[in-house]
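# Chains, contacts and geometry: an overview
Below are the chains, spelled out letter by letter.
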Amino acid sequence: MADLDPNLALLFPLAFVAGLFLTSALSAAPAEPALIWPDTPSYRLLKASAAPEVNGQASLDDPVWAAAEALGPLVSDCVPESTERRSEIRMLEHEGTLYILALFTDPDPSSIAPGDTALAPTKDDEQPVVDDSLEFYYATGSGRSFPYVRIRLSAGGVATVTNYLKPYSRWKLWFPEEDIDASGIVLKTAVTSDGWRLAAAIPMAEFEISSGGFYANFVRHRKADESRFAWVDLKGI
């Protein structure tokens, strides 16, 4: 049985518009360890006939973005986000590219910390909240076992990619992870009067994102209150 890192338990199925949910597609696979949470949300990823806008003005005024389902709500310790700091995340696929639109409301836009550098390697639950950002975690295989990848998208428009190779150990002096060249990701961000937004285009084959369904999670970081809200709750991690 493959090792599972606590962070990897964050990754849950996304469903593609192909007639089958990932949970059904995996029904014939060998049994995996029980999930920490009893509910496993799924998401239907739109296969769009056209690419959406990817710029700092990207919004739901674009009919391509508007056609994608909203993922959410984000929660922290079983408590959903308040309306004054709401997150709306949408995804779609077009010709082998994964597109992500995230609209973040913030009660104090002047406090948004853009972030312009990669974080130093450390265990995720010990990572300080150093800026406002969105992290996209996904497993590169067909299940929740290693390796898995974190794509970190900062409000300052910087994308970093880390491949987690195996479970973290406090008794090792090296980190079982490696940086991946993120130059293939197109990321556009903007701070607005009520928060900030991002639009990203990620080549799926280059970053080993399966077109047949994958396990994933999103985590929003907010520097002002050092909070983390996730699609699948981080409670217990």
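A word on the pattern of salt bridges. Under the counting rule described, the total for this entry stands at 12 salt bridges. In this structure, Glu81 engages Arg220 in a salt bridge whose closest nitrogen and oxygen atoms are separated by 3.3 Å. Here Glu81 is found in the loop between β6 (79–80) and β7 (87–94), whereas its partner Arg220 is found in strand β15 (residues 215–222), with 139 residues between them in sequence. A relative accessible area of 0% places Arg220 in the buried class. Among the ionic pairs, Arg152 bridges to Glu135, the shortest N-O distance being 3.6 Å. In this pair, Arg152 sits in strand β10 (residues 148–154) while Glu135 sits in strand β9 (residues 133–139), placing the two residues 17 residues apart along the sequence. The same class applies to Arg152 as to Glu135, namely buried. Taken together, the shared-partner salt bridges in this structure form one network comprising Glu81, Arg85, Asp106, Arg220, Arg222 and Asp225.

Ranked by size, the top nonpolar core spans 46 residues in total, and within it Ile100, Phe136 and Leu198 carry the most contacts. Elements with a minimum of two residues in this core: α2 (63–67), β7, β8 (97–105), β9, β10, β14 (195–203) and β15. The dominant element in this core, judged by the number of residues it contributes, is β8, at 7 residues. Apart from residues no more than four positions distant in its own chain, Ile100 is found in contact with Trp65, Ile89, Arg90, Met91, Leu134, Phe136, Leu198, Ala199, Ala200, Ile202 and Phe218. Within the second largest apolar cluster, 8 residues are counted, among which are Ala139, Phe146, Tyr164 and Val219.

Criteria and thresholds
Residues numbered from 1 in each chain as written. Predicted model: local features only at pLDDT ≥ 70, side-chain atom pairs only at ≥ 80, totals over all residues. Heavy atoms only, no water. Salt bridge = Lys/Arg side-chain N within 4 Å of Asp/Glu carboxyl O. Helix = DSSP H or I, 4+ residues; strand = E, 2+ residues; numbered from the N terminus. Buried < 20%, exposed > 50% of the residue type's maximum accessible area, 1.4 Å probe, protein only. Core = buried A, V, L, I, M, F, W, Y, C linked by side-chain atoms within 4.5 Å. Contact = heavy atoms within 4.5 Å.

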